[in-house]
Amino acid sequence: MTIQSELSVKPHDRLQAALTEDLAQVNALIRERMASEHAPRIPEVTAHLVDAGGKRVRPMLTLAAAGICGYGGLYHVHLAATVEFIHTATLLHDDVVDESEQRRGRPSANLLWDNQSSVLVGDYLFARAFQLMTEPERMDVLRVLSNAAATIAEGEVLQLTAAQNLATTEETYLKVVRGKTAALFSAATEVGAMIADAPEAVQRAFFEYGDALGISFQIADDILDFGGVSAQTGKNIGDDFRERKLTLPLIKAIAKADEEERTFWKRTIEKGDQQEGDLQTCLGLLTKYGALEEARSEAFDWSAKAKAALDAVPEHEMKTMLSDLADYVVARIN
């Protein structure tokens, strides 16, 4: 069977099927812990996002890593729920920062309720995540997940300071992506191996897999923003341009811009003066300089690094699924 035909059944769907029992426990634990006796707004807001059809990729990474490493206990479920709570909290905060109106193809929580509710419920979910991550009583696991939470926040702040700054480099972009996206992917896989007491080399391999997968995933998402299907991405085409986010394709095009083009980028990105037809001009400049193609090549490179990291991981049917997942992340932009 070719990679393309295997990918016709999406790897995360195959992972989901392999992890059905564990995922049911994760979902039950999420619903139990997102409840609030005194603040009904909390489960209302959380359920809106949780029920929106997220793929649960990050918690599945934790469950898969633990399963591949032969874990036989119960705490992989706690760690997977922790990862999903951290992820959901960051989404609630992101939508406020970005003034987003859509998330996973539905109106964002801040649009349906208000910014205050989104921020405070996000804070509640972070607190719940920290409660959950202490329950296995593993200081090494606690260190990895708490470090990831701090790194995510740091990445978001770095993105905020780098946004609208035409001097932002690809190196800064990579730091942002490692913070806001890859940190949770790598923590998710690493703690799955860690709770199973896998050898350090295997724990490291899972960290490197998650790190590379997260970077590949984010670059692919940034490319799709300029040409994906709205139903697939869950957001509108060109949102990053409208929100003046300097993603990898934009950084590459700006670096090659002539004087007239820099004037365009200064007006639209630095000053935020966007007019009718500016998105089409932006897309034309991305095409002119091959920015999307270059970014696509880098996404494939990171996907290959993710797959290579799995060489040190024990053989298991889910190992193949993780490898296929790295292929699928970039197949979306093929």
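For the structure itself, consult the block above.
Residues numbered from 1 in each chain as written. Predicted model: local features only at pLDDT ≥ 70, side-chain atom pairs only at ≥ 80, totals over all residues. Heavy atoms only, no water.

Would you explain the overall build of the chain in this entry?
Counting its regular elements, the chain contains 18 helices and two strands. For the chain, the residues scored as buried account for 53% of the 334 residues in total. Contacts in the chain between residues far apart in sequence, at least 24 positions, make up 75% of those at least 6 positions apart. Taken as a whole, the chain presents about 14,800 Å² of accessible surface, with 51% of it coming from carbon and sulfur. (Helix = DSSP H or I, 4+ residues; strand = E, 2+ residues; numbered from the N terminus. Buried < 20%, exposed > 50% of the residue type's maximum accessible area, 1.4 Å probe, protein only. Contact = heavy atoms within 4.5 Å. Areas by Shrake-Rupley, 256 points an atom, 1.4 Å probe, with all protein chains shown as cover.)

Would you explain the environment of serine 303 in this entry?
Within the secondary structure layout, serine 303 lies in helix H17 (residues 291-309). The buried category is assigned to serine 303, whose relative accessible area is 3%. In the structure, serine 303 is positioned 86 residues away from phenylalanine 217 in sequence and 8.4 Å away in space, judged by C-alpha atoms. Sequence-distant contacts of serine 303, defined by excluding residues within four places in its chain, comprise Ser216, Ala326, Asp327 and Val330.

Quick question: what am I supposed to make of the packing of aromatic side chains here?
Geometry of an aromatic ring pair is reported as the spacing of the ring centres plus the angle between the planes. By the definition in use, this model includes three aromatic pairs. Relative to phenylalanine 217, the ring of phenylalanine 185 lies with its centre 5.4 Å away and its plane at 45°, an arrangement referred to as tilted. Of this pair, phenylalanine 185 sits in helix H10 (residues 170-195) while phenylalanine 217 sits in helix H11 (residues 200-224), and the two are 32 residues apart along the sequence. Owing to a relative accessible area of 21%, phenylalanine 217 belongs among the partly exposed residues under this scheme. Pairwise contacts between aromatic rings join Phe241, Phe264 and Trp265 into one cluster. It is arginine 58 that lies over the ring of phenylalanine 217; its NZ or CZ is 5.8 Å from the centre. Across the ring face of tryptophan 302, the terminal group of lysine 305 is positioned such that the distance to the ring centre comes to 3.9 Å. (Phe/Tyr/Trp six-rings, centres within 6.5 Å; stacked < 30°, edge-to-face > 60°. Lys NZ or Arg CZ within 6 Å of the ring centre and 35° of its normal.)

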